Amino acid sequence: MSKTWRPATQLVHGGTLRSQYGETSEAIFLTQGFVYETSEAAEARFKGETDGFIYARYGSPTNDMFEKRMCMLEGAEDARATASGMAAVSAAILCQVKAGDHIVAARALFGSCRWVVETLAPKYGVECTLVDGRDLANWEKAVRPNTKVFFLESPTNPTLEVIDIAGVAKLADQIGAKLVVDNVFATPLFQKPLELGAHVVVYSATKHIDGQGRCLGGVVLSSKEWIDENLHDYFRHTGPAMSPFNAWTLLKGVETLPLRVKQQTESARRLADFLAEQPQVARVIYPGHKDHPQADIIAKQMSGGSTLVAFELKGGKEAAFALQNALEITRISNNLGDSKSLITHPATTTHKNLTDEARAELGISAGTVRFSAGIEDSEDLIEDFVRALKGVKA
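Computed from a predicted model, the values in this text were never measured in an experiment.

1. Re the overall build of the chain
Thinking step 1. Of the regular secondary structure elements, the chain holds 16 helices and 12 strands.
Thinking step 2. Whereas a compact globule of 394 residues would reach a radius of gyration of roughly 21 Å, the chain reaches 22 Å, a difference of no more than 12%.
Thinking step 3. Taking the principal axes of its C-alpha atoms as reference, the chain extends roughly 75 × 55 × 35 Å.
Thinking step 4. Classification of the 394 residues of the chain by burial places 56% in the buried group.
Thinking step 5. Of all intrachain contacts in the chain linking residues separated by at least 6 positions in sequence, the fraction that spans at least 24 positions is 73%.
Thinking step 6. Element-wise, carbon and sulfur atoms account for 51% of the exposed surface of the chain, whose accessible area totals about 17100 Å².
Thinking step 7. Separation between the mean location of the 42 positive side-chain charges and that of the 48 negative ones in the chain comes to 2 Å.

Written out as structure tokens, the structure is:
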């Protein structure tokens, strides 16, 4: 496989294995185990003296193809496919810490991600400090002698804040910590955290990578050395492995990733422009807008805008619900990155478990709405919003 292939080509052909039948589409190897020609062959494989698969919890040909394809796209040496995005996040963080260690994480995280670092890790003796990740000084102030992991997502969920990945990575290197970046909102097409100095990248493949509402999945990508030393045994013995059927589904999904993201981003940009002019809207946050609070960082580390738009309605929860309920094309869902346009009210769904104070810190008000653009015609989406906004008070 050529390393010079561009993303659209990598995502159709990267990592492909073919059986003796020469199939065009990748095969699904729906098996939990594998057989060996001889007892000696089994022994050699378990010793690592010969290549091959042992058990589907460790890996399978279908999962291997998906992992290799994602490595090509991300520029990573190795990867492990997991059953969900949260399985990927949990594995990437917990596999490299022990009791007495310390995590510094950006406070603007998806609700379940915050739970892992803020609630779960401390149960096992791992301390956590949450910081406003937009200011590099906050990361530096939070460092302790036992700090082992930095964790962030950028752009953030749901308010699309952007964090200086290169700056945080440089600090991590200085103190001997590892930076884990959740890159879901940017997609691997618009942002390359490993190139910016991050050590580990995680995705919920459920989102843009499948992007068609079909299955769950996640992936952890890093250097082969980091995966061998940290994730390999954790992955084998705790069992967060992806189903081969889901891996096959995701292989089909990534083939069209560039086409879908291009259309989604164009629609998101156009809707963001439209919303910024509406009297019912207090503010619009979109990484492609020049007035984004971190526009300078976006210019340095992202090659595109986003498939998502965050905006705040002046009428609060009542206005948000009225808008969402009136839309005909865009559907209410807590998912994102789908081929269908989706909308959600974070304060009552994805971030409802946070306190009012915590939501306020993140800029999530009662009127905050998150829109995820699908692949529908942009004009139809805007016309749907024009009609729905007529029932929302300015």
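Next comes the rest of the description.
2. Brief notes about the sheet that holds strand β8 (residues 281–285)
By definition, the strands of a sheet pair up through backbone hydrogen bonds, in either a parallel or an antiparallel sense.
Thinking step 1. Here we have 5 strands laid out as an open sheet, ordered β8-β9-β12-β11-β10, and mixed in their pairing. Looking at the sheet topology across the chains shown, the edges are occupied by β8 and β10 (331–332).
Thinking step 2. Here strand β11 (residues 342–344) pairs with strand β12 (residues 368–372) via 3 bridges, running antiparallel. Across the sheet, the residue bridging to Leu342 is Ser372, located in β12.
Thinking step 3. Along the sheet face, helix α14 (residues 316–326) touches β9 (308–313), β10, β11 and β12 and points at about 130° away from the line of β9.

3. Let's talk about the environment of Lys68
Thinking step 1. Within the secondary structure layout, Lys68 lies in helix α3 (residues 61–74).
Thinking step 2. Taking C-alpha positions, Lys68 is 23 Å from Lys178, a pair spaced 110 residues apart along the chain.

Definitions and limits used
- Residues numbered from 1 in each chain as written.
- Predicted model: local features only at pLDDT ≥ 70, side-chain atom pairs only at ≥ 80, totals over all residues.
- Heavy atoms only, no water.
- Helix = DSSP H or I, 4+ residues; strand = E, 2+ residues; numbered from the N terminus.
- Rg over C-alpha atoms; globule rule 2.2 N^0.38 Å.
- Buried < 20%, exposed > 50% of the residue type's maximum accessible area, 1.4 Å probe, protein only.
- Contact = heavy atoms within 4.5 Å.
- Areas by Shrake-Rupley, 256 points an atom, 1.4 Å probe, with all protein chains shown as cover.
- Lys, Arg positive; Asp, Glu negative; His and termini not counted.
- Charge placed at Lys NZ, Arg CZ, Asp CG, Glu CD.
- Pairing = 2+ DSSP bridges.
- Axes fitted to C-alpha atoms, helices over the stretch in contact; angles between N-to-C directions.

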